[in-house]
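Letter by letter, the chains look like this.
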Amino acid sequence: NARPFRGSRKALHLPHGNQTHNPGIFQTLIYCFPVLLQNLKDVLTDLVPKEQSRIKNFKAQYGKTNIGSITVDMIYGGMRGMKGLVYETSVLDADEGIRFRGYSIPECQRLLPKAPGGEEPLPEGLFWLLVTGQVPSQEQASWLSKEWAKRAALPSHVVTMLDNFPTNLHPMSQFSAAITALNSESSFARAYSEGVNKAKYWEYIYEDSMDLIAKLPCVAAKIYRNLYREGSSIGAIDSSLDWSHNFTNMLGYSDATFTELMRLYLTIHSDHEGGNVSAHTSHLVGSALSDPYLSFSAAMNGLAGPLHGLANQEVLVWLTALQKEMGGEVSDEAMRDYIWNTLKSGRVVPGYGHAVLRKTDPRYTCQQEFAFKHLPNDPMFKLVHQLYKIVPNVLLEQGKAKNPWPNVDAHSGVLLQYYGMTEMNYYTVLFGVSRALGVLAQLIWSRALGFPLERPKSMSTDGLMTLVGANKSG
Ligand code: CMX
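Here the structure is a predicted model, which means the values were calculated and not measured.

Chemist: So what about the site of the ligand? Which residues, and what values?
Modeler: The environment of the ligand is made up of 20 residues, and the closest members are His308, Gly351, Tyr352, Lys402 and Asp409. Between the ligand and valine 349 there is a distance of 2.9 Å, counted from a nitrogen atom to a backbone nitrogen or oxygen. When the ligand sits alone it has 890 Å² of accessible area, and the protein chains cover 76% of it. Considering only residue class, the shell around the ligand consists of eleven nonpolar, five polar and four charged.

Chemist: I'd love a proper account of the UniProt feature "active site" (unreviewed entry) in the chain, names of residues and values included.
Modeler: Within this numbering scheme, the UniProt entry marks His308, His354 and Asp409 as carrying the feature "active site" (unreviewed entry). With the annotated positions falling across 102 residues, the maximum pairwise C-alpha distance of 10.7 Å places them together in a single cluster. Judged by its relative accessible area of 24%, histidine 354 is partly exposed. The residues touching histidine 354, leaving out its near neighbours within four places in the chain, are Leu92, His272, Arg363, Asn403 and Asn407.

Chemist: Outline empty space enclosed by the protein, listing residues and values.
Modeler: Unoccupied space between atoms shows up once a probe the size of one water molecule is rolled over them. Evaluation of the coordinates by the stated rule reveals three cavities of 30 Å³ or more. Taken as a whole, the second largest cavity spans an internal volume of roughly 50 Å³. Around the second largest cavity sit Ser145, Trp148, Ala149, Ala152, Ala214, Pro217, Ile237, Asp242, Trp243, Asn246 and Met250, which together line it. Contributions of two or more residues to the lining of the second largest cavity are made by helix H7 (138-150), helix H11 (201-228) and helix H12 (243-251). Grouping the amino acids of the lining of the second largest cavity by side-chain chemistry returns eight nonpolar, two polar and one charged.

Chemist: Tell me about the packing of helix H20 (residues 409-418) against helix H21 (residues 427-448), residues and numbers included.
Modeler: Between H20 and H21, whose axes approach to 11 Å, the crossing angle comes to 110°. Between H20 and H21, the angle is such that the two are roughly perpendicular. Handedness of the crossing formed by H20 with H21: right-handed. Contacts between H20 and H21 pair Asp409, Gly413, Leu416 and Gln417 from the former with Tyr427, Leu430 and Phe431 from the latter. Class assignment for the residues of the contact of H20 with H21 results in four nonpolar, two polar and one charged.

Chemist: Can you explain the side chain of serine 270? Please cite residues and give values.
Modeler: Position of serine 270 among the secondary structure elements: in the loop between helix H13 (256-268) and helix H14 (277-287). A relative accessible area of 0% places serine 270 in the buried class. In terms of polar contacts, serine 270 uses its side chain to reach the backbone carbonyl oxygen of threonine 267, at 2.8 Å. Apart from the residues lying within four places of it in its own chain, the contact partners of serine 270 are Phe100, Leu126, Leu130, Ser434, Arg435, Leu437, Gly438 and Val439.

Chemist: Describe the layout of surface pockets, with residues and values.
Modeler: Of the volumes computed, that of the second largest pocket is approximately 230 Å³. Lining of the second largest pocket is provided by Gln323, Gly328, Glu329, Val330, Asn377, Pro379, Lys382, Leu383, His385, Gln386 and Lys389.

Chemist: So what about helix H18 (residues 362-374)? Which residues, and what values?
Modeler: For H18, with 13 residues, the first-to-last C-alpha span of 18 Å sits near the 18 Å given by 1.5 Å per residue. In the core, the buried residues of H18 are packed alongside strand E2 (97-100), helix H5 (105-111), H13, helix H19 (379-398), H20 and H21.

Chemist: Account for the nonpolar core, with residues named and values stated.
Modeler: Counting 124 residues, the largest nonpolar core has Phe127 and Phe175 as the members making the most contacts within it. Apart from the residues within four sequence positions on either side, phenylalanine 127 is in contact with Leu40, Leu144, Trp148, Met210, Ile213, Leu437, Ala441 and Ile444.

Chemist: Go over the packing of aromatic side chains, please, and point to the residues and values.
Modeler: Tallied over the entire structure, the rule returns 18 aromatic pairs. Ring centres of phenylalanine 188 and tyrosine 201 lie 5.4 Å apart, and the angle between their planes is 85°; this geometry places the pair in the edge-to-face category. Here the residue phenylalanine 188 occupies a position in helix H10 (residues 187-193), and tyrosine 201 occupies one in helix H11, the gap between them amounting to 13 residues. Taking relative accessible area as the criterion, phenylalanine 188 reaches 2% and is therefore assigned buried. Residue tyrosine 201 is classed as buried on the basis of its relative accessible area, which comes to 10%. Between the aromatic rings of tyrosine 224 and tyrosine 253, the centroid separation amounts to 6.1 Å while the plane-to-plane angle is 45°, which identifies the pairing as tilted. With tyrosine 224 in helix H11 and tyrosine 253 in the loop between H12 and H13, this residue pair connects regions lying 29 residues apart in the sequence. No difference in accessibility class separates tyrosine 224 from tyrosine 253, as the two residues are buried. Linked through ring pairs, Tyr224, Tyr228, Tyr253, Phe258, Tyr418, Tyr419 and Tyr426 together constitute an aromatic cluster.

Chemist: How would you sum up the environment of glutamate 329? Please name residues and give values.
Modeler: Relative to the helices and strands, glutamate 329 resides in the loop between helix H16 (311-326) and helix H17 (332-344). On the basis of relative accessible area, glutamate 329 is assigned to the exposed category, the value being 79%. Here the alpha-carbon distance between glutamate 329 and glutamate 369, two residues 40 residues apart in the chain, equals 22 Å.

Chemist: Any details on H17? Residues and values, ideally.
Modeler: Here H17 is 13 residues long and its end C-alpha atoms lie 18 Å apart, about the 18 Å a rise of 1.5 Å per residue gives. Within the span of H17, buried status applies to Met335, Tyr338, Ile339, Trp340, Thr342 and Leu343. In this structure, the buried residues of H17 make contact with H16 and H19. Note on H17: the residue one or two positions beyond its end, glycine 346, has a positive phi of about 75°.

Chemist: Explain the environment of tyrosine 192 to me, and be specific about the residues and the numbers.
Modeler: For tyrosine 192, the location among the structural elements is in helix H10. For tyrosine 192, a relative accessible area of 43% puts it in the partly exposed group. Along the sequence, tyrosine 192 and aspartate 291 sit 99 residues apart, while their C-alpha atoms lie 9.5 Å from each other.

Chemist: An account of the pattern of salt bridges is needed here, citing residue identities and associated values.
Modeler: Counted by the stated rule, this structure contains 20 salt bridges. The residue lysine 50 makes a salt bridge to aspartate 46 at a minimum N-O spacing of 3.1 Å. Separated by four residues within a single helix, lysine 50 and aspartate 46 lie in helix H3 (residues 40-62), roughly one turn from each other. Judged by relative accessible area, aspartate 46 falls into the buried class, the value being 13%. A salt bridge links glutamate 207 to arginine 151; the nearest nitrogen and oxygen atoms lie 2.9 Å apart. Taken together, the residues glutamate 207 in helix H11 and arginine 151 in the loop between H7 and helix H8 (156-164) connect sequence positions 56 residues apart. Overlapping salt bridges bring together Lys41, Glu147, Lys150, Arg151, Lys200, Glu203, Glu207 and Asp211 as one network.

Parameters and conventions
Residues numbered from 1 in each chain as written. Predicted model: local features only at pLDDT ≥ 70, side-chain atom pairs only at ≥ 80, totals over all residues. Heavy atoms only, no water. Near = heavy atom within 4 Å. Polar contact = N/O pair within 3.5 Å; in protein donor to acceptor, adjacent residues only side chain to side chain. Areas by Shrake-Rupley, 256 points an atom, 1.4 Å probe, with all protein chains shown as cover. Nonpolar A, V, L, I, M, F, W, Y, C, P; charged D, E, K, R; others polar. UniProt positions renumbered as here; feature names shortened; annotations may be inferred. Buried < 20%, exposed > 50% of the residue type's maximum accessible area, 1.4 Å probe, protein only. Contact = heavy atoms within 4.5 Å. 1 Å grid on protein atoms, 1.4 Å probe; cavity = no way out; pocket = protein on both sides within 12 Å on 5 of 7 lines; lining within 4 Å. Points joined across faces, edges and corners; volume = space filled by probe spheres on them. Helix = DSSP H or I, 4+ residues; strand = E, 2+ residues; numbered from the N terminus. Axes fitted to C-alpha atoms, helices over the stretch in contact; angles between N-to-C directions. Parallel < 35°, antiparallel > 145°, perpendicular 65-115°, else oblique. Left-handed = near helix turned anticlockwise from the far one by under 90°. Expected span 1.5 Å × (residues − 1). Core = buried A, V, L, I, M, F, W, Y, C linked by side-chain atoms within 4.5 Å. Phe/Tyr/Trp six-rings, centres within 6.5 Å; stacked < 30°, edge-to-face > 60°. Salt bridge = Lys/Arg side-chain N within 4 Å of Asp/Glu carboxyl O.

See the structure below:
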């Protein structure tokens, strides 16, 4: 749980954590006048050289140290457990779940700034934390709200493109295509073509990332309105509101609790360390110096897969079919049979299992807490809760899944449908808007730290057999 930039706790006068480094003059100013540090770029400008030199020294001392071995099973098994990436913004523990820069989800819920009168963390605060390692002040979070409001406008060619998509094109395909087309706005691509010095890459990646995060709710809302609200206008951004509130307004929802849900939703879906398909994809594509728009749209194509982000859509489709087949109240026995039928027909139970986690996903737990608080009697929530008691035992009995517990996607759709968002095909787009916070925070650091082109060695089966001295005829 090492926190990379240890000035943060002192800067905010948090009670725990020892100060183990000597702050420079800039840091000292931070401690005295935290309000001066409202501009995220200024904070980064201070942090980048420190982190560059910390890693340079680490590599000089430990660069040749062996940290594990690779087995044939790992290569055929989707590289599970293989340590092969540096990813700074979050780390996933198999039992405990995700920590964002060292902070668990309950800690983030407690410590991150909230909207006036709100109880859920602002995604702005989470982004600041992911980028800097520091829990931001209320002023810093609202600086981000204003900054994103300023940068939100879409170029007209993207609006035209979205308006011309056929209604049978999946919302995730529309989302990804629009993000690719937004690269007309890339300041990194422009600077690169003009020969910018590589020491300055991160600054352009930062600008593009901020612009892209600002624009994503507008793209997502436009898709929603075009597909499900007869192409009605998303309206204008209100610079006095936070990012999530503007998003729910543009989607056309006015319930304050739905906006609170969106703040929580956009915070918890943001990042899940570096090896998951969407994060790894943006990391890989970004390593070719493709700009943030191209890197992130590639990530969205991965998120659109049913074993990854599309699972939130799949869960609701599966639950709705269950309800249709069995009616309102379902007995535990009937539910067990339904789950077994899914397994016997060679399908997965969506929303259960995970490549890394081995316990209930804390992202599931905090959504469950939200449901207990705001919709305890919702029939779909009751169904989800009933499934929680039955699916793990069935998966254990089947004996295949390494993790029988629910993941984030098992719960999110049920909350959304309660507030009237019943369009299941759309759910992964919300996941995508949130995922930008994590992968783009990392992309800024990947360029700041000069990470090279990603290019692992692949092997043919014959080559592997030769390597381990196996008999090739089988
Ligand atoms: N239902 C049925 N079978 C499952 C299962 C589930 N929920 N989870 C795992 N299994 C099966 C696997 O398909 C695999 O079967 P085969 O041996 O026949 O190939 C076996 O159990 C072992 O798999 P594993 O090592 O436990 O899991 P993986 O790391 O290979 O896969 C995941 C992880 C998430 C793809 C898988 O658990 C799954 O398909 N879950 C359902 C889809 C889902 O909810 N995805 C969302 C994940 C979170 C996210 O990224 O958003």
